[in-house]
Amino acid sequence: MSSLTGTGALARLAARRDRVMLPVWIYVLTIFVVSTGYSFKHLYKTPASREAITAGIAHDPATLAIAGPVYGSSAGALTAYKIGAACAVLAALMSIFIVIRHTRADEEAGRLELVGSTGVGRNAALAVGVLIAAAANAAAAALITAGAAAVGLPAGGAAALGLAIGCTGLLFAAVAAVAAQLSGTARGARSIGICALIVAYLMMSAGAAAGTSGGLRWVLWASPLGWASEVRPFTGDRWLVLILPLAASAAVAAVSAALAARRDLDAGLVPPRRGRANASRLLRGPLAPLGLAWRLQRAGLAGWAAGAAVFAAAFGSIAGSIGSMLGSSPAVRTAIARLGGQPAITDGYLAAMMTLLGVVVAGYAVSVVLRLRSDETADREQLLLATAAGRLSWVGSQLLVAGAGAAVVLGTAGLAAGLASGVRAGDPGTAVPRLIGAAFAQLPAVLVVAGVAAALFGLLPRSCVAAGWTALGLAAALVVLGPTLRLSQWAQDISPFTHVPRLPGGSFTAEPLAWLSAAAAVLAAAGLLGLRRRDIG
Amino acid sequence: MTEVIAVAGLRKSYGTTVALDGLDLSVAEGEVHGFLGPNGSGKTTTIRILLGLLRADGGSVTLLGGDPWRAATALHRRLAYVPGDVTLWPNLTGGEIIGLLGRLRGGMVAKRVAGLLDRFELDPTKKAREYSKGNRQKVALISALAADAELLILDEPTAGLDPLMEAVFRECIEDEARAGRTVLLSSHILSEVEALCQGVTIIRAGRTVESGTLAGLRHLTRTSITADVARRPDGLDRLPGVHDLDVQDFAGAGAGGAGARVRCEVDTGNLGEVLRRLADAGVLSMVSQPPTLEELFLRHYAAPGRGLPGNAMEGVPA
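What you see is a predicted model; the values in this text were computed from it and never measured.

K.L.:
Teacher, can you tell me more about the overall build of chain A here?
P.N.:
What chain A contains, in helices and strands, is 25 helices and zero strands. For chain A, the C-alpha radius of gyration of 24 Å lies close to 24 Å, the compact-globule estimate for 537 residues. Projecting the C-alpha coordinates of chain A onto the three principal axes gives extents of approximately 70 × 60 × 40 Å.

K.L.:
What is the right way to read the overall build of chain B from this model?
P.N.:
Helix and strand counts for chain B stand at ten helices and 13 strands. When the 318 residues of chain B are sorted by exposure, 42% land in the buried category. Put simply, of all contacts in chain B between residues at least 6 apart along the chain, 72% involve residues at least 24 apart.

K.L.:
Explanation requested: the sheet that holds strand S3 (residues 32-36) of chain B in the structure shown.
P.N.:
Sheets are built from strands that pair by backbone hydrogen bonding, the pairs being arranged parallel or antiparallel. All names here are of chain B. Read from one edge to the other, the open sheet built from six strands follows the order S5-S6-S7-S3-S8-S9, with strand pairing classed as mixed. Taken across any chain shown, the strands that pair with only one partner, and hence form the sheet edges, are strand S5 (79-82) and strand S9 (207-213). With strand direction ignored, the average angle separating the axes of adjacent strands in the sheet is 15 degrees. Note that strand S6 (residues 151-155) and strand S7 (residues 182-186) share five bridges and pair parallel. Its bridge partner being in S7, leucine 151 is matched across the sheet by threonine 182. Running at roughly 170 degrees to S5, helix H5 (residues 133-146) makes contact with S5 and S6 of the sheet.

K.L.:
Is there a simple way to explain the interface of chain A and chain B in this structure?
P.N.:
Think of interface size as the accessible area that goes away when the parts come together; that is how it is often given. Contact residues are listed per partner, giving 28 residues for chain A and 32 residues for chain B. Of all the elements in the fold, those that place two or more residues in the side of chain A that touches chain B are helix H14 (281-284), helix H15 (288-319) and helix H19 (380-385) of chain A. The greatest single-element share of the side of chain A that touches chain B, amounting to five residues, is contributed by H19(A). Tallied by class, the residues present in the side of chain A that touches chain B amount to 15 nonpolar, six polar and seven charged.

K.L.:
Would you mind going over helix H13 (residues 243-261) of chain A with me for this structure?
P.N.:
Along an α-helix, residues three or four positions apart point the same way, because every turn accommodates 3.6 residues. Compared with the 27 Å implied by 1.5 Å per residue over 19 residues, the 27 Å span of H13(A) between its first and last C-alpha is a close match. Close packing links the buried residues of H13(A) with helix H8 (124-150), helix H9 (155-182) and helix H12 (224-230) of chain A.

K.L.:
Sorry, what's going on with helix H1 (residues 7-17) of chain A here?
P.N.:
Residue and element names in this part refer to chain A. Listing the buried residues of H1 in full gives Thr7, Leu10 and Ala14. Down the axis of H1, the smallest arc covering the buried residues is 65 degrees, so these residues share one side. Residues of H1 that are exposed and angled more than 90 degrees away from the buried face: Arg12 and Arg16. Residues of H1 that are buried make contact with helix H5 (75-102) and H8.

K.L.:
Please clarify how the nonpolar core should be interpreted in this entry.
P.N.:
Looking at soluble globular proteins, one finds that nonpolar side chains tend to be buried together. By size, the foremost hydrophobic cluster in this structure holds 265 residues, and its most contacted members are A:Ala365, A:Val369, A:Val449, A:Ala450 and A:Ala453. Ignoring anything within four residues of it in the chain, the contact list for A:Val369 reads A:Gln398, A:Leu399, A:Ala402, A:Ala450, A:Ala453, A:Ala454 and A:Phe457. Among the nonpolar cores identified, the runner-up in size contains nine residues, and B:Ala227, B:Val229, B:Val266 and B:Val274 belong to it.

K.L.:
Please explain the packing of H5(A) against H9(A) as it appears in this structure.
P.N.:
Helix-helix packing: each pair is described by the crossing angle between the helix axes and the interaxial distance. All names here are of chain A. Two numbers describe how H5 lies on H9: the axes approach to 7 Å, and their chain directions differ by 30 degrees. Comparing their axes, H9 and H5 come out roughly parallel. H5 and H9 meet at a crossing whose hand is right-handed. Side by side, H5 and H9 meet where Gly76, Ala80, Gly84, Cys87, Ala88, Ala91, Ala92, Met94, Ser95, Ile96, Val99 and Ile100 of the first sit next to Gly157, Leu161, Ala164, Ile165, Gly166, Thr168, Gly169, Phe172, Ala173, Ala176, Ala177 and Ala180 of the second. Its residues placed into classes, the contact of H5 with H9 shows 17 nonpolar, seven polar and no charged.

K.L.:
Just to check I follow, could you spell out the domain arrangement of chain B for this structure?
P.N.:
Domains assigned within chain B are domain 1 (3-78 + 150-218) and domain 2 (222-290). For domain 1 of chain B and domain 2 of chain B, the distance between their C-alpha centres works out to 40 Å.

K.L.:
Help me understand the domain arrangement of chain A in this model?
P.N.:
Residue and element names in this part refer to chain A. Taken domain by domain, chain A consists of domain 1 (1-269) and domain 2 (286-317 + 350-537). The centre of domain 1, based on its C-alpha atoms, is set 26 Å off from the matching centre of domain 2. Elements with a contribution of two residues or more to the side of domain 1 that touches domain 2: helix H2 (21-43), helix H4 (61-67) and helix H10 (186-209). The dominant element in the side of domain 1 that touches domain 2, judged by the number of residues it contributes, is H10, at five residues. Class assignment for the residues of the side of domain 1 that touches domain 2 results in eight nonpolar, three polar and one charged.

K.L.:
How should the pairing of strand S2 (residues 17-28) of chain B be read in this particular structure?
P.N.:
Side-chain positions along a regular strand alternate between the two faces of the sheet. Residues and elements named next belong to chain B. Judged from the nine bridges that link them, strand S1 (residues 3-14) and S2 form a sheet pairing that is antiparallel. Residue serine 13 lies in a different strand from S2, and its bridge partner there is valine 18. Count of turn residues in the S1/S2 antiparallel hairpin: two residues, of which glycine 15 carries a positive phi of about 65 degrees.

K.L.:
Got a minute to help me understand the environment of B:Phe297 in this structure?
P.N.:
Residue and element names in this part refer to chain B. Considering the arrangement of structural elements, one finds phenylalanine 297 in helix H10 (residues 293-301). Since 19 C-beta atoms lie within 10 Å of it, phenylalanine 297 is described here as partly exposed. Excluding residues that lie within four positions of it along the chain, phenylalanine 297 makes contacts with Leu36, Leu190 and Ile202.

K.L.:
Explain unusual backbone geometry here, please?
P.N.:
Peptide bonds are mostly trans, and most non-glycine residues show a negative phi. In this structure, the amide linkage connecting A:Leu503 to the following residue, A:Pro504, adopts the cis form with an omega of -5 degrees. By secondary structure assignment, the location of A:Pro504 is in the loop between helix H24 (489-493) and helix H25 (510-533). The phi angle at A:Arg232 is positive, at roughly 50 degrees, despite the residue not being glycine. Structurally, A:Arg232 can be placed in the loop between H12 and H13. Assessed through the 22 C-beta atoms surrounding it within 10 Å, A:Arg232 is described here as buried. Positive phi, normally seen in glycine, also occurs at B:Glu121, with a value near 55 degrees. By secondary structure assignment, the location of B:Glu121 is in the loop between helix H4 (110-119) and H5.

K.L.:
Mind showing me how you'd approach the environment of A:Gly396 here?
P.N.:
By the secondary structure assignment, A:Gly396 is in helix H20 (residues 391-425). Judged by C-beta crowding, with 18 C-beta atoms within 10 Å, A:Gly396 ranks as partly exposed.

K.L.:
Looking at this model, I keep getting lost on the packing of H2(A) against H8(A). Mind explaining?
P.N.:
All names here are of chain A. Contact geometry of H2 with H8 gives a least axis separation of 9 Å together with a crossing angle of 30 degrees. Here H2 lies roughly parallel to H8, going by the angle between them. H2 and H8 meet at a crossing whose hand is right-handed. Counted together, Leu22, Trp25, Ile26, Leu29, Thr30, Val33, Val34 and Gly37 of H2 and Ala136, Ala139, Ala140, Leu143, Ile144, Gly147 and Ala148 of H8 form the full contact between these two elements. Looking at the contact of H2 with H8, its residues break down into twelve nonpolar, three polar and no charged.

K.L.:
Help me understand the sheet that holds strand S12 (residues 259-267) of chain B in this model?
P.N.:
All names here are of chain B. Pairing is antiparallel across the open sheet formed by four strands, whose spatial order is S11-S12-S10-S13. With partners counted over all chains shown, the strands left at the sheet margins are strand S11 (242-250) and strand S13 (283-289), one partner each. For this sheet, the mean inter-axis angle between neighbouring strands, taken without regard to orientation, is 10 degrees. As paired elements, strand S10 (residues 222-229) and S13 share six bridges and run antiparallel to each other. Residue pairing across strands places serine 224 opposite glutamine 289, the latter belonging to S13.

Cut-offs and rules
- Residues numbered from 1 in each chain as written.
- Chains lettered and ligands numbered in written order.
- Predicted model: local features only at pLDDT ≥ 70, side-chain atom pairs only at ≥ 80, totals over all residues.
- Helix = DSSP H or I, 4+ residues; strand = E, 2+ residues; numbered from the N terminus.
- Rg over C-alpha atoms; globule rule 2.2 N^0.38 Å.
- Buried ≥ 20, exposed ≤ 12 C-beta atoms within 10 Å, placed from the backbone.
- Contact = placed C-beta atoms within 7 Å.
- Pairing = 2+ DSSP bridges.
- Axes fitted to C-alpha atoms, helices over the stretch in contact; angles between N-to-C directions.
- Nonpolar A, V, L, I, M, F, W, Y, C, P; charged D, E, K, R; others polar.
- Expected span 1.5 Å × (residues − 1).
- Arc of directions from axis to C-beta.
- Core = buried A, V, L, I, M, F, W, Y, C linked by C-beta atoms within 7 Å.
- Parallel < 35°, antiparallel > 145°, perpendicular 65-115°, else oblique.
- Left-handed = near helix turned anticlockwise from the far one by under 90°.
- Domains from an automatic or database assignment.

Here it is, written out as structure tokens:
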């Protein structure tokens, strides 16, 4: 019996299990590209208007760092610039979730043990995860090609964009297959995959912000997300670049198969450790529910703080040299002057990065709040609630850890950005407090998003996970894409991040922050009240 | 004697699914009470209402003299609970979880924890994700048994334990009963309920179908009799309460040289008359088996939809 026996049957099962989730992912990916292509085709009809945005973007490292490099001024090139990197990230996330779901998550839940006792080969589940992810990415690539061509973009460029996104997704399916061998838990494996994706994004971001002539340009070529942009859809369609992700996928997938052959069922390559025989003072103290929430979240918090610090140090260290990276042609000099000179460009870039940081930290806070729901569905909270710990102390502790944790992550990131940019500029004394302040300004908006998740958990527990992440996605999309897509102001105002003062550089007003904090408090209170009245489980 | 748990006419629906349909349950102080019912009959829903996790749609519930929905945390200081399917925080050790739950219940005896860890042979330094189902159950059991609780609510607590550990569990529950604690034991293992419980409540489809002391319930069941008699007994088939009668003549080596073997099931209330007839026929040897809880259980569940008495003690239709 080969190690792949039964792959076909398992793949049918996996396709059946994913019959709702996969079409949704693929639909979202396609609709992003199609709607962006449509807006560029219809909102910016004249070549002159498009050249104006391209010139604005090409000289603004802040914008380049968020979405990647821009290579032309056609509607297609602007579409590829605006949505290409975002879709590549989404395709990578889709692949990570699919692969882990069919490999490590099934193994952890014991389902693979049952399946493995039947006529199914040792590596069949791994192959199924990668196959399903590959099929999903192929489908997404085909639909993106068809959709982009349908709104009137050149077919060749549409295919290049679709394949650039699909190949990135495929590579991260292979990365997730390795992650599933390394960690003994699905959660850990997903974290490894997402960390790899964040590193790839940061490298793409730094390389793109460096501009075409900057010394850091090579970093772009070290990142799979950079490869996707270097295919240059609609402006050259460099098909040969696609060999990079395809070859890397094959190599990484081979590594995962080799690792899988070296381990036992249920084991990760990182062995489990022994722990304490007694509860620490923290868990036996008067605030035991809070102690538990902290004990459960501290490792995750440390990881997030470290990741945010690396991210912030990266953007902080390139912030000062951003103007000089743009070259010294007269056109560039006028553009820089129009944007407010070198310091204003640096500040604008840092402020854009702070918004991005706020969105990422909101993701952390939402994940901590929604942990409540996964504890509830796993009946883990039952043991707790059958003791003298009430519902409010259970949920209140978790919300407190989510809020305080978000503040810690923001503060760490602000400190790292301040140190990195300050040391480069020779003035850390000014930069550190300035950037810590800018990072903390995001906290009220982060708390609003976490508050929405908490309110959903109390009032609509069944749909709170999907709805909570949707709320975060909406808040992020409105603030990041709103201005380019020329959404009306009231639509952009829905996102709490729109109301945060643009710091550093912008004028600071406390009023919107006070309103955001009040909204967060009201949302959390609504969640707690809802929880008091509803059934648990 | 005071009632520790008093439930009457309890109702709970999830949308159109009726989980509890007028359930009654009464547990006296100091009693070990068995709570039986097939899968999906509403045992766990009842327990979750008793713990204030679910809100009842109708009926009355009193736990330790209070309302479990309103006074949940105050009541929880006085009870300990072991869920049927124990899920723990995967990255905490067993020892940490026992300490945490003890603290949250408002105190436990450290010396007792050490003794219980020893008796149940549990390694408290392992992370919960490494424990098997049985070991997870031990974590919940040890923390419950170490608590100074007036009431123990146990939802199928031995489903994952091996026979040795099940014996340890029985000893522990007997100790608890001697100490005057009240225990509500939901279980599928009927021998366990027979060995430990004084009172039993049997539910089906969200209703109580039998309730009372184990001794009292035995009256509702049949005793099986196998007797060799000297000659065919008269009129056994016409007696009320005699079921599955089978009489076979045999040529024996006894005094008469022949006789008959009688096999039948007798409603416990009619046992006297049957024995008189058998004695008249000259009993050579006889084996009788008392009714087991299993038979009681099977009679209620083997044929769904038939013979569902509304009132608990009315008796079982023949």
